[in-house]
Amino acid sequence: MAETHQLSSMDQSLASIDDVEVPDIDKSPVTTREFRGWLMYGFASEGYSALGTAVMLPIILETMAAQSGVTTADYSKPCDLTVPGYSCVVQVGSAYINTSSFVFYCTSISTVAQFILFISISSFADHGDGKKKLMLGFGVVGAVLGLLFIALIKPSLYWAAALLYIISNIAFCASYVFFYSWVPVYARNDPEVIEARGKGSKEILHKVTEKRTNSISAQGFAWGYGAAVVQLIIAAVIALLIGDTTKEGTGGRESTTGLPTTYRLQIGVAFACLWWLVFMIFPLLWMKNRPGPPLPKGENPVVYSWKTVGGTFSRVTQLGNLFRFLLAWFVYSDAFSTIVSVGILFAKTQLGAGDTTLLLVATLVPFCAGVGSVAFMYLQRGLKVSTRTMIMIQAFIYSILCAYCLLGFVAPIGIKQSWEIWFFGAVHGFLLGSTQSFCRSLFSELLPPSREAEFFGLYEVTDKGSSWIGPLIVGAIQDVSNPRNSFYFLLATFLASIALLFTVNVDEGRAEGLAYAEKHSTLSASKEKLTVEAS
């Protein structure tokens, strides 16, 4: 490794790209079988997100809470779910919480727990050989907990549903910390990137790396959402075959079977988790381990993770563009994750949309996401614009969607008619897969080599299951005012993310990551040398 030094300019940093050692212990080219094993984890697990946390679980939680709750206007009257625009509260401890807000608060609790866990486990993926084991281990935990939803046979067990939702969502998102951290590893060891690296041109290497990173991300989303579409169709068929079991004259609180009226949805969640367990066999068998470097001697992995992340924040000036992107991503992902639950619960409580309708709309979302993921990739190539520009375009389209929903205050349109639920789902779906893919790709470009899981732990905080800020604020809004007001907050959030993305310079950010990697690799080598000499 070259002498320790801080590179002072973008050109100097870019010039050092061939001098920065790729940190992978196993630098063999990624094989088709190995890559397909990684794709199969998305194929196995994405259905839980698209089918469970995005659609069915919010409906299950809200419905079970409402069936156990009372009307907002009169606490002596049980909630009547058959009234369009119903407003009910459920008792949690000594407080009464709006049943829609109950879902958002559970999501906030889950995400705060994710923040703590993700930081604590980051070093396990950056160092040693635990990346694959932990990805699959957390996957098994999430899938098993999701299967337990079929054991909830009474609406009064809404508290147990909340616990299963919170913990299974934490496990799912933890597994995706490790799933995402493979993207830059596979990109660095992609045969095309290895060939470009051998040519010695930093410009060609950057272009090929960006192309392959985007392709890897897009394929990951396409496989995941393709599987989610299949699962949603099967779940919709199951729901149609079982039919609506609501017992007449009970205000939507009881069913003819004695089981919760949401039980067909609970079967759908359990089916997605069974799918998750079964198809995890392929990444188990096909993926190589590709271990990272060992932890420094004498370090505890959890303590080291927190020390590392604390040190990362303290050195934020060295990675200014990466952290500005993280801030933009925090705001942006908070908005597009929260808008899903807002849309679903708004359609259910304000428009009276039934479970079957919402399931069919949910089927459309991942289908459009898979199509959009590929379509926007080709659009970017055709327009020859940067990944950052594509993200900003998509955030602006989301802003327009929020403004459209706010038209409902003054116009006969704006999510006031049943057909608009389908329009809302199609637009969101078309944007969702591609915008996540682009964000993940851009983030991967800015990462310092060998620090993937450390930074992806921060990245994941605001990805699957939403961040805690959006659900918390939306929950508070819906506790005290018209649920449509939630779209004002979402509109402001999308516009704020665009403004933050304007401040990110990708070329400088990539250079900062390389300089950071070179500096800290050299410092680590110097410390080891001093330790050996002292001994």
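To start, this report covers the structure provided alongside it. (Residues numbered from 1 in each chain as written. Predicted model: local features only at pLDDT ≥ 70, side-chain atom pairs only at ≥ 80, totals over all residues. Heavy atoms only, no water.)

1. Describing the pattern of salt bridges
A full pass over the atoms with the stated rule returns 7 salt bridges. A salt bridge links Glu-34 to Arg-290; the shortest N-O distance between them is 2.6 Å. Here the residue Glu-34 occupies a position in helix 2 (residues 32–67), and Arg-290 occupies one in the loop between helix 9 (281–286) and helix 10 (301–314), the gap between them amounting to 256 residues. Of the residues examined, Glu-34 reaches a relative accessible area of 1% and is grouped as buried. Exposure remark for Arg-290: the relative accessible area of 6% places this residue in the buried category. (Salt bridge = Lys/Arg side-chain N within 4 Å of Asp/Glu carboxyl O. Helix = DSSP H or I, 4+ residues; strand = E, 2+ residues; numbered from the N terminus. Buried < 20%, exposed > 50% of the residue type's maximum accessible area, 1.4 Å probe, protein only.)

2. Points about the packing of helix 2 against helix 11 (residues 320–350)
Each pair of packed helices gets described by two things: the angle between the helix axes and the distance between those axes. As a packed pair, helix 2 and helix 11 sit with axes 10 Å apart at the nearest point and diverge in direction by 50°. One way to sum up the angle between helix 2 and helix 11 is to call them oblique. The element helix 2 and its partner helix 11 pack so that their crossing is right-handed. Across the interface between the two elements, Ala-54, Val-55, Pro-58, Ile-59, Glu-62 and Thr-63 of helix 2 pack against Val-340, Ser-341, Ile-344, Leu-345, Lys-348 and Thr-349 of helix 11. The class makeup of the residues in the contact of helix 2 with helix 11 is 7 nonpolar, 3 polar and 2 charged. (Axes fitted to C-alpha atoms, helices over the stretch in contact; angles between N-to-C directions. Parallel < 35°, antiparallel > 145°, perpendicular 65-115°, else oblique. Left-handed = near helix turned anticlockwise from the far one by under 90°. Contact = heavy atoms within 4.5 Å. Nonpolar A, V, L, I, M, F, W, Y, C, P; charged D, E, K, R; others polar.)

3. Brief notes about the layout of surface pockets
Considered as a void within the structure, the second largest pocket measures approximately 550 Å³ in volume. Lining the second largest pocket we find 21 residues, and of these Lys-207, Glu-210, Gln-380, Val-385 and Ser-386 sit closest to its centre. When residues of the lining of the second largest pocket are traced back to their parent elements, those giving at least two are helix 1 (10–15), helix 7 (202–242), helix 12 (355–383), helix 13 (387–406), helix 14 (419–446) and helix 18 (506–534). Tallying contributions element by element places helix 7 first for the lining of the second largest pocket, with 6 residues. Taken together, the residues of the lining of the second largest pocket sort by class into 6 nonpolar, 5 polar and 10 charged. (1 Å grid on protein atoms, 1.4 Å probe; cavity = no way out; pocket = protein on both sides within 12 Å on 5 of 7 lines; lining within 4 Å. Points joined across faces, edges and corners; volume = space filled by probe spheres on them.)

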